[in-house]
Amino acid sequence: MKTKILNTACAIVTGLFIASTSVLAQVAPPTPAAVAPDYNSGGEVSLFLPKAAPSPNFYLDAGFIYTKTEIGDAYRGKSSTNMYGLNVAFGWRFDQYNKVQLDLGFLAGDEKDYGSGGKISYGAAPVLASYNFYVPLAKNRRCELRLSPIIGYYLVVANCDDYVYRRTGASRWLVDGTETGGAFAYGGSVGLTCHINQRFYVDFAYRFLGVGSLSIDVLDIKSQTTHSGIASFGWKF
């Protein structure tokens, strides 16, 4: 009798176990979702790489630029000119650390009065290529430090009024009009990029350039250095 009761109890327990297992399987919580992308991986969709590989991540930004230019003139000595304008940049970011970029600027400068009614106003149009290395400043890389060596071409425009003299050998001639010239430029930049979301960002940068000597009709520039501040709004696509 006891054996029969024991066997019956075992059968009931076994049945309840099988039934409970089946019920638990039906009500068990779903398998946890995949872990969110690691913003530091460089291979996932993120703030700084909005498109997953192998899709290329391009950047376009535009903003304002202020430049203080120190000009070493062969005839008038060294002078300082303030310039203001617009800067446009296009970039291609390869991964979390590296990007290449092309910059184009349009600058207009102060008017200089050299006496006797002679005035010169300066402008510039730098075309620059840079490599950008990024250093994260937060775990999700919402803000990044950017370090950039730069090379390119620096076009200078001088607009001359009446009674501005130019020198050609030992001769002097009256100049009235616009003269242009350009030279190789090199330097570096340090910037701060802050990502608003996966499509837009703001960027603030300081840029230093050394510009080679150039000769245009109204002046001979023997040395030229520029210090620029740039504030831009960008689009990632």
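Since the model is a prediction, treat every value here as computed from it, not as a measurement. (Residues numbered from 1 in each chain as written. Predicted model: local features only at pLDDT ≥ 70, side-chain atom pairs only at ≥ 80, totals over all residues. Heavy atoms only, no water.)

A. Looking closely at the overall build of the protein chain. Along the protein chain, the regular secondary structure elements total one helix and nine strands. Ordered by position in the sequence, the α and β elements of the protein chain form the string α-β-β-β-β-β-β-β-β-β. The 237 residues of the protein chain split such that 35% are buried. Considering only intrachain contacts with a sequence separation of at least 6, the fraction spanning at least 24 residues in the protein chain is 62%. Carbon and sulfur atoms make up 66% of the accessible area of the protein chain, which amounts to about 13200 Å² in all. (Helix = DSSP H or I, 4+ residues; strand = E, 2+ residues; numbered from the N terminus. Buried < 20%, exposed > 50% of the residue type's maximum accessible area, 1.4 Å probe, protein only. Contact = heavy atoms within 4.5 Å. Areas by Shrake-Rupley, 256 points an atom, 1.4 Å probe, with all protein chains shown as cover.)

B. Region of the structure containing the side chain of S189. Within the secondary structure, S189 sits in strand β6 (residues 171-195). S189 gets classed as buried once you look at its relative accessible area, which sits at 13%. Side-chain polar atoms of S189 contact the backbone oxygen of Y206, separated by 3.0 Å. Look past the residues within four positions of S189 in its chain and what remains in contact with it is R146, L147, S148, I150, A205, Y206 and R207. (Polar contact = N/O pair within 3.5 Å; in protein donor to acceptor, adjacent residues only side chain to side chain.)

C. Highlighting empty space enclosed by the protein. Counted by the stated rule, this structure contains one cavity of 30 Å³ or more. Computed from the structure, the largest cavity encloses a volume of approximately 190 Å³. Here the lining of the largest cavity gets four residues from one element, more than from any other, and that element is strand β7 (residues 200-211). Among the residues forming the lining of the largest cavity, the class breakdown is six nonpolar, seven polar and six charged. (1 Å grid on protein atoms, 1.4 Å probe; cavity = no way out; pocket = protein on both sides within 12 Å on 5 of 7 lines; lining within 4 Å. Points joined across faces, edges and corners; volume = space filled by probe spheres on them. Nonpolar A, V, L, I, M, F, W, Y, C, P; charged D, E, K, R; others polar.)

D. Geometry of the confidence of the model for the protein chain. Chain-level statistics for the protein chain give a pLDDT mean of 79 and a share of 67% at 70 or above. Averaged pLDDT values for the elements of the protein chain fall to 47 in helix α1 (residues 2-27) and rise to 97 in β7. Scored below 50 in pLDDT, residues 1-6 makes zero contacts in the model with residues more than four places away or belonging to other chains. Overall, residues 27-43 carries pLDDT values under 50, and its contacts beyond four positions in sequence, including any with other chains, amount to 18 contacts. (pLDDT = per-residue confidence, 0-100.)

E. Looking closely at unusual backbone geometry. For the bond from A53 to P54, the omega torsion is 10°, close enough to zero to count as cis. Looking at the element boundaries, P54 is found in the loop between α1 and β1 (57-73). In the Ramachandran plot, R141 falls in the positive-phi region, its phi being about 60° despite a non-glycine side chain.

F. Looking closely at the packing of aromatic side chains. Enumeration over the complete set of coordinates arrives at eleven aromatic pairs. Both rings, one in Y66 and one in Y84, keep their centres 5.3 Å apart while their planes meet at 40°; by these two values the pair is tilted. Of this pair, Y66 sits in strand β1 while Y84 is found in strand β2 (residues 77-93), placing the two residues 18 residues apart along the sequence. The interplanar angle of 20° and the centroid separation of 5.7 Å between the aromatic rings of F200 and F233 together place this pair among those described as stacked. Of this pair, F200 sits in strand β7 while F233 is found in strand β9 (residues 219-236), placing the two residues 33 residues apart along the sequence. By relative accessible area, F200 is classed as partly exposed at 33%. Taken together, F58, F90, W92, F94, W235 and F237 form an aromatic cluster joined through their ring pairs. One cation-aromatic arrangement involves R93 over Y134; the distance from NZ or CZ to the ring centre is 3.9 Å. The ring of Y97 has R141 lying over it, and the distance from NZ or CZ to the ring centre is 5.2 Å. (Phe/Tyr/Trp six-rings, centres within 6.5 Å; stacked < 30°, edge-to-face > 60°. Lys NZ or Arg CZ within 6 Å of the ring centre and 35° of its normal.)

G. Looking closely at a nonpolar patch on the surface. A cluster of nonpolar side chains, namely L60, V88, F90, L102, L104, F106, V127, Y153, I196, F200, F233 and W235, defines an oily patch on the protein surface of about 1100 Å² accessible area. Looking at the nonpolar patch, the elements that each hand over two or more residues are β2, β3 (98-113) and β9. The dominant element in the nonpolar patch, judged by the number of residues it contributes, is β3, at three residues. (Patch = residues over 30% accessible without salt bridge, like charges linked within 9 Å, V, L, I, M, F, W, Y side chains within 5 Å. Salt bridge = Lys/Arg side-chain N within 4 Å of Asp/Glu carboxyl O.)

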